[in-house]
Amino acid sequence: MKSIKRILILGIIVLFLIFVAQNTHVVSVRFLFWKAEASRVLVLVATFLIGCVAGGLLAWPVGKTNTKRSVSR
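Rules behind the numbers
- Residues numbered from 1 in each chain as written.
- Predicted model: local features only at pLDDT ≥ 70, side-chain atom pairs only at ≥ 80, totals over all residues.
- Heavy atoms only, no water.
- Phe/Tyr/Trp six-rings, centres within 6.5 Å; stacked < 30°, edge-to-face > 60°.
- Helix = DSSP H or I, 4+ residues; strand = E, 2+ residues; numbered from the N terminus.
- Buried < 20%, exposed > 50% of the residue type's maximum accessible area, 1.4 Å probe, protein only.
- Axes fitted to C-alpha atoms, helices over the stretch in contact; angles between N-to-C directions.
- Parallel < 35°, antiparallel > 145°, perpendicular 65-115°, else oblique.
- Left-handed = near helix turned anticlockwise from the far one by under 90°.
- Contact = heavy atoms within 4.5 Å.
- Nonpolar A, V, L, I, M, F, W, Y, C, P; charged D, E, K, R; others polar.

Novice: Hey, could you go over the packing of aromatic side chains for me, with residue numbers and the actual values?
Specialist: Across all of its chains, the model carries 1 aromatic pair by this definition. Judged by centre distance (4.3 Å) and plane angle (20 degrees), the rings of F16 and F48 are stacked. With F16 in helix α1 (residues 2-21) and F48 in helix α2 (residues 40-59), this residue pair connects regions lying 32 residues apart in the sequence. Residue classification places F16 among the buried positions, given a relative accessible area of 17%.

This is how it looks when you write it as structure tokens:
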């Protein structure tokens, strides 16, 4: 099962790299009151990394405690 997951992740990364390589133009980026011009490659990579970090944080086990209780007799 782990090998299938690794193959899928590798495939997604390869497709992303191909997509990024084909989109190298300069674009205007606006966020709230901030405006900048950057290479589309940088915008795509930054967005991808932010998505990976967000997904990792959502998958992080938070507040996991030992729920097994010992019964003493």
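Novice: For the packing of α1 against α2, give the residues involved together with the corresponding values.
Specialist: The contact between α1 and α2 brings their axes to 9 Å, and the two run at 155 degrees. With respect to their mutual orientation, α1 and α2 come out roughly antiparallel. Between α1 and α2 the crossing geometry is right-handed. Contact residues: F16, F19 and V20 in α1; V41, L44, V45 and F48 in α2. For the contact of α1 with α2, the class distribution of residues is 7 nonpolar, no polar and no charged.

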